[in-house]
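Survey of secondary and tertiary structure
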Amino acid sequence: QLLGASADEIVFNSGGTESDNTAIKGVALMHREKGNHIITSKIEHPAVLETCKYLEKEEGFNVTYLDVDEFGLISPELVEKSITPETVLITIMYANNEVGTIQYISKIGEIARDNNVYFHTDACQAACLDLNVKNLKVDLMTLNGNKIHGPKGIGILYVKHGVNIQPLFYG
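First things first, this report covers the structure right here in the doc. Predicted model, so just to flag it, every value in this text is computed and none were measured.

As enumerated under the stated definition, the model contains 0 aromatic pairs in all. Over the face of the ring belonging to Y54 we find K25, whose NZ or CZ atom lies 4.7 Å from the ring centre.

What follows is the structure, given as structure tokens:
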């Protein structure tokens with residue numbers, strides 16, 4: 001209810017790191033035929049940055065790492081200018097865990113939708129903000145349980161109906 005999502009759009013796992021990896025690798029690898037470009041920022045959590053670096057080094061993806069302004073904000077216009085025909089995913093954190101900057105997630109979500117690009121946000125630090133996925137216009141969203149009064153060791157990944165992701169594990 002908090003997310004405005006249906007129960008079958010929620011995947012529980014071991015934490016925010018697993019959720020970020022599942023979202024980013026899952027979309028990138030599943031939709032590789034569309035393109036091999038990912039957009040993120042230089043201030044993402046290591047779970048996002050290291051996953052993007054892995055995809056660059058081991059899977060041949062091109063990643064654009066956007067700069068932030070003096071307030072730690074990512075310009076939605078810069079996101080839009082960075083989109084290419086090869087872009088499959090934009091991943092931008094909702095609230096920064098070190099400086100507290102709150103990004104323009106719904107605006108970036110609109111840009112992603114207008115350009116037919118999947119959009120993921122790491123919202124682990126955004127528990128006190130609007131988490132309604134429809135308002136935020138996200139396709140995938142990472143949360144961790146202990147930030148929303150759940151137990152430690154529980155990750156939450158929202159995956160919008162119709163978004164196919166490659167699983168990390170088989171069997």
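Next comes the rest of the write-up.
Our focus in this paragraph is the pattern of salt bridges. In the structure shown here, the tally under the stated rule is 5 salt bridges. Where E59 meets R32, a salt bridge forms, and the shortest distance between an N and an O atom there is 3.0 Å. Of the two residues, E59 sits in helix 2 (residues 46–59) while R32 sits in the loop between helix 1 (16–30) and strand 2 (37–41), which places them 27 residues apart along the sequence. On the basis of relative accessibility, which here comes to 26%, the residue E59 falls in the partly exposed class. On the accessibility criterion, R32 (35% relative accessible area) is partly exposed. Measuring nitrogen to oxygen at the nearest pair gives 3.8 Å for the salt bridge that ties E110 to K137. Here the residue E110 occupies a position in helix 4 (residues 105–114), and K137 occupies one in the loop between helix 5 (133–136) and strand 6 (140–144), the gap between them amounting to 27 residues. Among the residues examined, K137 registers a relative accessible area of 22% and is labelled partly exposed.

Mapped onto the fold, S41 is located in strand 2. Judged by its relative accessible area of 0%, S41 is buried. Side-chain polar atoms of S41 contact the backbone nitrogen of I43, separated by 3.3 Å. Within the structure, the side chain of S41 is placed 2.7 Å from the side chain of E44, a separation counted as a polar contact. Apart from the residues lying within four places of it in its own chain, the contact partners of S41 are L49, Y65, L66, I74, T91 and I92.

One non-glycine residue, N116, lies in positive phi territory at about 55°. One can find N116 in the loop between helix 4 and strand 5 (118–122). Under the relative-accessibility criterion, N116 is labelled exposed at 60%. Phi angles above zero are rare outside glycine, and K137 is one such case at about 60°.

Counting residues in hydrophobic clusters, the biggest one holds 26 residues, and the most contacted among them are I90, F119, L131, V138 and M141. Listed by contribution, the elements that provide at least two residues to this core are helix 4, helix 5, strand 6 and strand 7 (155–159). Per-element accounting of this core gives the leading share, 4 residues, to helix 4. Excluding residues within four positions of it along the chain, I90 makes contact with I39, V79, I83, I108, A112, V117, Y118, F119 and H120.

Turning our eyes to something else, we now look at the layout of surface pockets. When its volume is computed, the largest pocket comes out at roughly 160 Å³. Lining the largest pocket are Q1, L2, L3, A5, S6, A7, I10, L143, I148 and I156. Looking at the lining of the largest pocket residue by residue, the class counts come to 8 nonpolar, 2 polar and no charged.

Reading the values: rules and limits
Residues numbered from 1 in each chain as written. Predicted model: local features only at pLDDT ≥ 70, side-chain atom pairs only at ≥ 80, totals over all residues. Heavy atoms only, no water. Phe/Tyr/Trp six-rings, centres within 6.5 Å; stacked < 30°, edge-to-face > 60°. Lys NZ or Arg CZ within 6 Å of the ring centre and 35° of its normal. Salt bridge = Lys/Arg side-chain N within 4 Å of Asp/Glu carboxyl O. Helix = DSSP H or I, 4+ residues; strand = E, 2+ residues; numbered from the N terminus. Buried < 20%, exposed > 50% of the residue type's maximum accessible area, 1.4 Å probe, protein only. Polar contact = N/O pair within 3.5 Å; in protein donor to acceptor, adjacent residues only side chain to side chain. Contact = heavy atoms within 4.5 Å. Core = buried A, V, L, I, M, F, W, Y, C linked by side-chain atoms within 4.5 Å. 1 Å grid on protein atoms, 1.4 Å probe; cavity = no way out; pocket = protein on both sides within 12 Å on 5 of 7 lines; lining within 4 Å. Points joined across faces, edges and corners; volume = space filled by probe spheres on them. Nonpolar A, V, L, I, M, F, W, Y, C, P; charged D, E, K, R; others polar.

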